[in-house]
Amino acid sequence: MTLRVIPLPTASEASAAAGAFEHTPPRPGPQGEAGILPAAPRTVEETGLHLLLISELALKVMHQHGLSHLQELSAHLKLSAALIESLFTHLRKETLVDIRRRGALDGDVMYQLTQAGRTRAADALARNLYSGPAPVPIAAYVARVQAQAVGAMGVTRHDLEQALATVVVRPEVRDQLGAAMNSQRAILLYGPPGAGKTFLCEQMARLLTGHVAVPHAIEVDGEIIRVFDPLVHRCAPAAIDGPRSTIDCRNRSDDRWVLCERPVVMTGGELTLEMLDLVYDARAGYYQAPPHFKANNGIFLVDDLGRQLVTPRQLLNRWILPMEHRHDYLMLRNGSKFRIPFDTMLFFSTNLQPSEVADEAFLRRIGYKIYVGEVSTDDYRRILRDVCDEQDVPCADEVFDDLVQGLHAQHARPLLACYPRDLVGQIVDYATYHGRKPELTSDMLHWAWHNYFATQPASLAAANLEKTS
């Protein structure tokens, strides 16, 4: 099947679709590279926001947070002091604010709300409680996501081997993952529980390179959607910028954006169809972005596919359009829809067989179906030694032979990557309980095995261990 990509709207097209007024396109950032923060707007027009929206936002901030100094307002709204000062010149003409005090230095100005300003702020807060950083228009967000697309990174065999140098993975699985990271198509990892599917998906984050700009919030048709989430977006080291303490905004970046590492969002059995739509907070009057929205320019992992309250087919059908066309549609409370980029590496992890997850028509839309099963004996030995070294637990070769040739063979258990950590963890727990140094002996290994797999009563396993202690 040929993947057909429908071009996303340009900045002007997206602005018109959202009902926004024409605005000056954002200037390149200080270094003019994708992923670097855009340049700070110098005028209200360059913010791409309606004058009414940004004026009411400033009034709400003053009323709700008690901020009055120009520098405080600039820091809170993430707009330059020069821009705020020009905005307040307009608000003064509207008799909504007055100058409370002006110092001798540039930027040392304090404002206060007039009675009309307090009334206007209260009316604005009754409609919308959002009083955070100024948002960016949807058009600017679309353009920025396109400029820092995750698919533009490119992954080579050398990149993968460096990133996964400490990860035990079969060569064929490694090569499949490396090719899949270049495909811009969804990836399904399937296999028995404990094979390391989720772990491998998480390790793919090591391949993400470059920084991305994430807005605090975006504006669509007058509505506010919060995007930046400190639980998802990890801030990158601050870029070198112009002086922050002056009113001059030349050579500064737009603080409405946060420079972040590429995001990695993971959901599991709690995922519902409703979570994939905008979440409107009726009390606050604004929206929270859904998880795949926050995952733009990064990785989105749906773990334990099949454990959700909805069926896998219902869940996967929700992503047919985004997977096919690389964009998604979201709906505002007034019924209007808008389009956002779907620029994410989409991973599914499941214990089910692919035929149990979806029909053949949908499976064709998943570019890679990668089986993750048991590891080789040598890899199993390496995993056990790595875990023992990490936990400072001595491990003899004969104990490993007993584990593989005795316990695994006797109970017909495959060599899955999760077992060494789980078994050694129980041995450490037992040693801590008895106040002694943990050691991987055959007796301790048998105790942990029977306790872990419930292959005999725990009291009998403990009695056998006590006899040999």
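For the structure given in this document, a descriptive report is provided here. None of these values were measured; they are calculated from a predicted model. Every chain is numbered independently, its residues counted from 1 as its sequence is written. Local features in this predicted model are restricted to residues of pLDDT 70 or higher, and side-chain atom pairs are both shown and tallied only at a pLDDT of 80 or more, whereas totals for entire chains, interfaces and linings draw on every residue. The basis for every side-chain value is the complete set of non-hydrogen atoms in the structure, without hydrogens or water.

## Examining helix 16 (residues 397–411)
This is how the line gets drawn: By the criteria applied, helices consist of DSSP H or I runs no shorter than four residues and strands consist of E runs no shorter than two, each listed in order from the N terminus. Take the number of residues in a helix, subtract one, and multiply by 1.5 Å to get its expected span. Here, two residues are considered to be in contact whenever any of their heavy atoms come within 4.5 Å of each other.
Along its 15 residues, helix 16 runs 20 Å from first to last C-alpha, staying within 8% of the 21 Å computed at 1.5 Å per residue. Tucked into the core, helix 16 has its buried residues touching helix 15 (377–391), helix 17 (419–434) and helix 18 (442–453). Positioned one or two residues after helix 16, Ala412 has a phi angle of 55°, which is positive.

## A few points about the sheet that holds strand 15 (residues 344–350)
Convention followed: By definition, two strands form a pair when at least two bridges between them are found by DSSP. Helix axes use the C-alpha atoms of the stretch in contact, all axes being lines fitted to C-alpha atoms, and the angles between their N-to-C directions lie in the range 0 to 180 degrees.
If you trace the 5 strands from one edge of the open sheet to the other, you get 9-12-15-4-16, paired in parallel fashion. In this open sheet, the two edge strands, each paired with only one partner strand, are strand 9 (264–267) and strand 16 (366–371). Between one strand axis and the next, the sheet turns through 20° on average, direction left out of account. In this sheet, strand 15 lies alongside strand 12 (residues 298–302) in parallel orientation, the contact comprising 5 bridges. Paired with Leu301 across the strands is Phe347, a residue of strand 15. Contacts from helix 8 (residues 171–180) reach strand 4 (186–190), strand 15 and strand 16 within the one sheet, and its direction differs from that of strand 16 by about 165°.

## So, the pattern of salt bridges
Where charged atoms from two side chains of opposite charge approach closely, those side chains can pair. The condition is simple: By salt bridge we mean one thing: a side-chain nitrogen of Lys or Arg within 4 Å of a carboxyl oxygen of Asp or Glu. The classification of residues rests on relative accessible area computed with a 1.4 Å probe and restricted to protein chains. Under 20% of the type maximum is buried, over 50% is exposed, and intermediate values are partly exposed.
Scanning the model with the defined rule gives 23 salt bridges in all. Its salt-bridge partner being Arg101, residue Asp108 comes within 3.0 Å of it at the nearest N-O pair. Owing to a relative accessible area of 36%, Arg101 belongs among the partly exposed residues under this scheme. For Asp304, the salt bridge is made with Arg307, and the minimal N-O distance between the two is 3.9 Å. The exposure class of Asp304 is partly exposed, given its relative accessible area of 27%. For Arg307, a relative accessible area of 59% puts it in the exposed group. A single network of salt bridges, built from pairs that share partners, joins Arg157, Glu161, Arg174 and Asp175.

## As for the layout of surface pockets
So the rule is basically this: In this analysis, the protein atoms alone were mapped onto a 1 Å grid. Cavities are point sets where a 1.4 Å probe fits without being able to get out; pockets are open sets with protein on both sides within 12 Å along at least five of seven lines; lining residues have an atom within 4 Å of a point. Grid points are joined across faces, edges and corners, and a volume is the space filled by probe spheres set on the points. Gly is put with the polar residues, along with every residue not named as nonpolar or charged; the nonpolar set is Ala, Val, Leu, Ile, Met, Phe, Trp, Tyr, Cys and Pro, and the charged set is Asp, Glu, Lys and Arg.
Size it by volume and the largest pocket reaches roughly 530 Å³. The wall of the largest pocket is formed by 23 residues, among which Val168, Phe199, Ile383, Ala417 and Cys418 lie closest to the centre. Of all the secondary-structure elements, those providing two or more residues to the lining of the largest pocket are helix 9 (197–203), helix 15 and helix 17. Of all the elements, helix 15 adds the most residues to the lining of the largest pocket, at 4 residues. By residue class, the composition of the lining of the largest pocket is 13 nonpolar, 4 polar and 6 charged. There is about 370 Å³ of room inside the second largest pocket. What lines the second largest pocket is a set of 18 residues, among which Leu53, Glu56, Arg127, Asn128 and Gly222 lie closest to the centre. Elements with a minimum of two residues in the lining of the second largest pocket: helix 2 (51–65), helix 5 (115–127) and strand 7 (223–226).

## Thoughts on unusual backbone geometry
Notably, Thr95 is not glycine yet its phi reads approximately 55°, a positive angle. You will see that Ala412, though not glycine, has its phi angle at about 55°, which is positive. Examined against the element boundaries, Ala412 turns out to sit in the loop between helix 16 and helix 17. When its relative accessible area of 67% is taken as the criterion, Ala412 is described as exposed.

## Points about the sheet that holds strand 11 (residues 286–288)
The strand order 3-6-7-11-10 describes an open sheet built from 5 strands, whose pairing is mixed. Here the strands that pair on one side only, and so sit at the sheet edges, are strand 3 (136–137) and strand 10 (279–281). Here strand 10 runs beside strand 11; their pairing, made up of 3 bridges, is antiparallel. For Asp281, the partnering residue across the bridge sits in strand 11 and is Tyr286.

## Concerning empty space enclosed by the protein
Taken as a whole and assessed by the stated rule, the structure comprises 6 cavities of 30 Å³ or more. Along its surface, the largest cavity is lined by Tyr141, Val145, Gln148, Ala213, Val214, Pro215, Val227, His233, Phe293, Lys294, Asn296 and Asn297. Looking at the lining of the largest cavity, the elements with two or more residues in it are helix 6 (138–147), strand 5 (211–215) and helix 10 (291–294). It is strand 5 that provides the largest number of residues to the lining of the largest cavity, a total of 3 residues. Split by residue class, the lining of the largest cavity holds 7 nonpolar, 4 polar and 1 charged.

## Some points on the state of the cysteines
The criterion, for reference: Two cysteine sulfur atoms form a disulfide, by the criterion used here, when they sit within 2.5 Å.
Tallied over the entire structure, the rule returns 0 disulfides. A disulfide-free cysteine, Cys260 has its sulfur positioned 4.9 Å from the sulfur of Cys235, the nearest such atom.

## Regarding the packing of aromatic side chains
Here is the rule: In summary, the pairing rule links any two rings of Phe, Tyr or Trp, Trp by its six-membered ring, whose centres are within 6.5 Å, and it sorts them by plane angle into stacked for under 30 degrees, edge-to-face for over 60 and tilted for everything else.
Inspection of the entire model under this criterion finds 13 aromatic pairs. Taking 5.8 Å as the distance between ring centres and 70° as the angle between the ring planes, the aromatic pair formed by Phe300 and Trp319 counts as edge-to-face. Note that Phe300 is positioned in strand 12 and Trp319 in the loop between helix 11 (312–317) and helix 12 (320–325), a separation of 19 residues in sequence. Given a relative accessible area of 0%, Phe300 falls into the buried group. Overall, the relative accessible area of 0% leaves Trp319 in the buried class. Judged by centre distance (6.1 Å) and plane angle (80°), the rings of Tyr419 and Tyr452 are edge-to-face. Separated by 33 residues along the polypeptide, Tyr419 in helix 17 and Tyr452 in helix 18 bring together distant segments of the chain. Of the aromatic side chains, those joined through ring pairs into one cluster are Tyr419, Trp449, Tyr452 and Phe453.

## As for the environment of Glu439
One can find Glu439 in the loop between helix 17 and helix 18. On the basis of relative accessible area, Glu439 is assigned to the partly exposed category, the value being 45%. Expressed as a C-alpha distance, the spacing of Glu439 and Val428, which sit 11 residues apart in the sequence, is 8.0 Å. Contacts of Glu439, omitting those with residues within four sequence positions, involve Val393, Pro394, Ile427 and Met444.

Remember, this is a structural readout, not a statement about activity or role.
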